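Close look at the chain arrangement
Listed below, chain by chain, are the residues.
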Amino acid sequence: MGTRMEVAQLESRMNTEDYRKLQSLFLDTSGESQSLSRTEFIDLACTSVGRGSKEEYGLLFDSVVVTQEHRGLLLDSDAVKEEGRVDWGGLCSFLLLELSDKVKNTRTSNVPCWKPPRTLTCPHRDPIQKVLYLQSSGQYLTVCKGGTVGLWAGEDVSLLHTHRLQNSTVRPKDLWVTDVVLLPNVHKVAVSFTSKEVCFYDILSKLDFSCKYKLQGLKFTPWCLDYWVDLSHPDQAVLTIGDTGGQVSALYFTSAQISLFERLSLRTNSDSADIILWDDLVKGKHRSCYTVTHRAHEPAWVRKVRHLGSLEAFVSCSTRAQSSMVIGWMEKGSRSLRVTSFFTKRGVWDMDYHRGLNLIATAGVDHQVLLWNPYVTSEPVCVLSGHANPITAVRFMQTKQQLLSYSKDKVLCLWDVSSQLCVHRLEGVFPKTQEDTHTLLFLHEEHQLLLLSFNSLLLLLETMKEEKRTNSHEHPVTCVLYNSRFRQVVSSDSASTVICWLADTGQKVKQICGCHGNAEISAMALDGTQTRLFTAGTDGEVKVWNLNGRCLHRMNAGLGRAVEISQVLLLKRSILVMGWERMLTVFRLHSFSQSFVEPSEWKGGVQHRGDVLCAAFQPPQTLVTGSYDGEIIVWNNSTEKALRKLRPHAEREGDNKQLGHFPDSHLGVSGKENSENCIAVTRLFFLPGRTSVAAATGGADLVSCGGSGVVRFWNSLRSRLVGQFTAHNRDLGSIVMTVSPCGKHLVTADREGTLKTWDIQHYCLKPADGVTKELPKLLNSFRPHLDRVTHLETCIHGDRLLLLSASSDCSVALSYLPGDTIGLFGQEELWCLERPGRLHPQQETEQQQRDHKGQGDPKQGGERSPPAPSETYADPDPDTSAESEEVGMKDKEAGRKEPLSNFFPCITPEQTPSADEDGEIWLKTPEKKFADTTGL
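To keep things clear, this report deals only with the structure shown in the data block.

Examining the side chain of R588
Within the secondary structure, R588 is located in strand β42 (residues 585-588). A polar contact is formed between the side chain of R588 and the side chain of E640, at a distance of 2.5 Å. Once you skip the residues sitting within four places of it in the chain, R588 turns out to touch R573, S574, S600, E601, W602, K603 and E640.

Rendered as structure tokens:
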């Protein structure tokens, strides 16, 4: 462990240029690749690269050699075969696999802690051929070679019922089951027999397993079966059969839920099964079913078959070296096959497929587990070596990047696919049996159990219940908002789900699934009345929802294209959407007369040279936008005219800070910023309390963040960079941030889940010579998340200043400011914010008001200082905050008035129209409390 840590420390100190130097060491004078011995590597690395000591480079070299020898990853070149030498490819493999963050995390991933194995009371006297899980009843089904069926309880795996399969074709003593497969969409099981037939039994008829169909006339004995059904079209299914003649046959059903086969003749007995002849299927006499076959394994037996629905192919294996694994690819638009064969030294006993990784694992007779890319036949992706005997079974854990393998010497190995290492080895707990014992491996991930059969013996392995970290969502969280009107938190995730939480307890209130189908929700916003929720999806649409979860409007931001929307900004008479192009997409409120809304033209045209990622607004008419290339543009929102440009390196590009041309030398293709010098602006905020009058003195009134962990403070009136500092490690890439309503706290977060709270109350408040690069006071640094923080939001809840953070680790956290985590939304233990806690600082608010008194009327363009506790935070004065430029609510006379131009109100009989002194029409609604305060 110490060696790996020291090597990791060396690797973390090296930059891109150091690795280029390191790569050049492995090239000879003619430019050809070469390998290096330990001494050569240490001397050359210390001389050419530096950064580390001879001891550290020695540890790096030794780690590469040991890892390669362990994994069999040494290349085939003669030079590399020489013991104790390393080439550039070997070094890269080690760095990528051993030192990447992903691998380091997977090493600490959950390794199952097995309970003591339990031998089940088994009704079988013959070897068990198959274990199935019946999803409809939550029970397990076992079938043995002699035809005995056992039904087991799903909770404690206790025997409930036994039955014997009937087959009139053969005498009971001659009956021999070779395989069984479940047909869940038609509630049947298909059973193959050595009598060269496949029988279909109904499992709903009081468990008497009545035979409905008999598929007869097969040329060879069917030895293995597989069944696949299209979940979106349950009428379409495929039954795959592998036989002892080396033939693989696929039966494609086109109307499975109506009838698997067409009845060609009337039954003579109501209890008898329909006889289906194989030749009739081949000749196409059954229009609801057709066959596709290949004989690539001939003359070897087919040991396992599997249909891969996502690839439109079926894969099979045998112990014949030349056809160890074969994939039959269905040609599009036809019923013909294209066959590809995979070679191993001694053939394959078993195989499995991981859908997420698109990898096939084969259990080798030569003691190795091979991982294959289905499209690459020349060689496996990697070799997992660790067994000392032929491997009889492999099973992927689909919810993890892990693999189970079992060998003839009764050793069970758990492999981490990413690191290609055996992370757990279980032996000595399995019963002693004969060498030719038929072993079956059944994994049920949902119940965290493993069933192993040794002939007629059934062994149960269960894992200890894992203490899981609280997940607020099932998928990465993308955005979080606070609804002050209903005192709730609203969060969204990458699976297009929106959840509402009670801020006082952390309890879930309501959940809306599939808001944008399968598209990720990338941004959200609430209107000024806190009664309309805007969700932006990667499908290119922005949807408007009411409090009951009903979609009122669909805004066609992407013009029919799937685009990446990064922000939705709500203003008084328009809505701005941005993230995927150089010009703002604007929707005028007068366009919302229809449910499907088209965008209007942004009068300012294209001014940015990179995609616009974010924006901020300061009343009465100042709009700023930030783009991918680090440029910030100041606009007059009323005229939509660009006024000024702000750039982080403007001082090196001349004194022209008005609209004009700036060099593009640092830009990549299509205006995208070089990833090594990323200055993309991802968040923009006007600093509360710093009015335009204060900014006129030269202090900062605008803050931005983005790439390289840098936070910048700007004077938007003078187009000047006032200060900047690195809040997080530059290597962590882009960061996110938010500013508290009082303007005292700046909160930043990175991709490791770390949050930092900074005191910026007086930071860059007054002008200074040059750009201030001192750090503001760091109030707290804490880590409520395990992965990238995607969104931050501060809010005043009652008399408390709170922080909301959303993360890719599927959690939403609530914290006090400056930093004390209260909990994660969705956790079992509910919190109570009514208990004494950290209060919103009244003294700071009053001091803030005194500091800025006389610096300008807030209604003349600046944001007002934080209100006193007697003021209402849910409905700020519409003339004194950015949020107020959204369509808000006005308190007039005795009742609450809302404009008809509000976001799509539903007029009730209690509302009556009236006109104010500005000539604008309003709906007057009597003051009352909402009965439903649960939010969406």
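Following the structure, the description resumes.
What to know about the packing of aromatic side chains
Scanning the model with the defined rule gives 24 aromatic pairs in all. Judged by centre distance (5.5 Å) and plane angle (90°), the ring pair of Y406 and F430 falls under edge-to-face. Of this pair, Y406 sits in strand β26 (residues 402-407) while F430 sits in the loop between β28 (421-427) and β29 (439-444), and the two are 24 residues apart along the sequence. Take F430: its relative accessible area is 8%, and that puts it in the buried class. Through a chain of ring-to-ring contacts, three or more aromatic side chains come together here, namely F26, F41, Y57, F61 and W88.

Focus: the sheet that holds strand β55 (residues 777-782)
Taken in spatial order, the 4 strands of this open sheet run β52-β53-β54-β55, and their pairing is antiparallel. Since the sheet does not close on itself, it has two edges, and those belong to β52 (736-739) and β55, each with one partner. Averaged over neighbouring strand pairs, the angle between their axes works out to 20° when direction is ignored. Pairing of strand β54 (residues 755-759) with β55 involves 5 bridges; the strand directions are antiparallel. Its bridge partner being in β55, L755 is matched across the sheet by F782.

Here's the deal with the environment of L281
By the secondary structure assignment, L281 is in helix α8 (residues 278-282). Look at L281 and you get buried, because its relative accessible area is 1%. It is 9.5 Å that separates the C-alpha atoms of L281 and L215, two residues lying 66 residues apart in sequence. The residues touching L281, leaving out its near neighbours within four places in the chain, are L215, L251, F261, I276, H286, C289 and T291.

Some remarks on the sheet that holds strand β39 (residues 551-555)
Taking strand neighbours across the sheet as the criterion, the 5 strands line up as β36-β37-β38-β39-β43 in an open arrangement whose pairing is mixed. Two strands lie at the open edges of the sheet, namely β36 (521-526) and β43 (596-597), each paired on one side alone. In the sheet, β36 pairs with strand β37 (residues 533-537) via 5 bridges, with the strands oriented antiparallel. The residue of β37 that forms the bridge with A523 is A536.

How each quantity is defined
Residues numbered from 1 in each chain as written. Predicted model: local features only at pLDDT ≥ 70, side-chain atom pairs only at ≥ 80, totals over all residues. Heavy atoms only, no water. Helix = DSSP H or I, 4+ residues; strand = E, 2+ residues; numbered from the N terminus. Polar contact = N/O pair within 3.5 Å; in protein donor to acceptor, adjacent residues only side chain to side chain. Contact = heavy atoms within 4.5 Å. Phe/Tyr/Trp six-rings, centres within 6.5 Å; stacked < 30°, edge-to-face > 60°. Buried < 20%, exposed > 50% of the residue type's maximum accessible area, 1.4 Å probe, protein only. Pairing = 2+ DSSP bridges. Axes fitted to C-alpha atoms, helices over the stretch in contact; angles between N-to-C directions.

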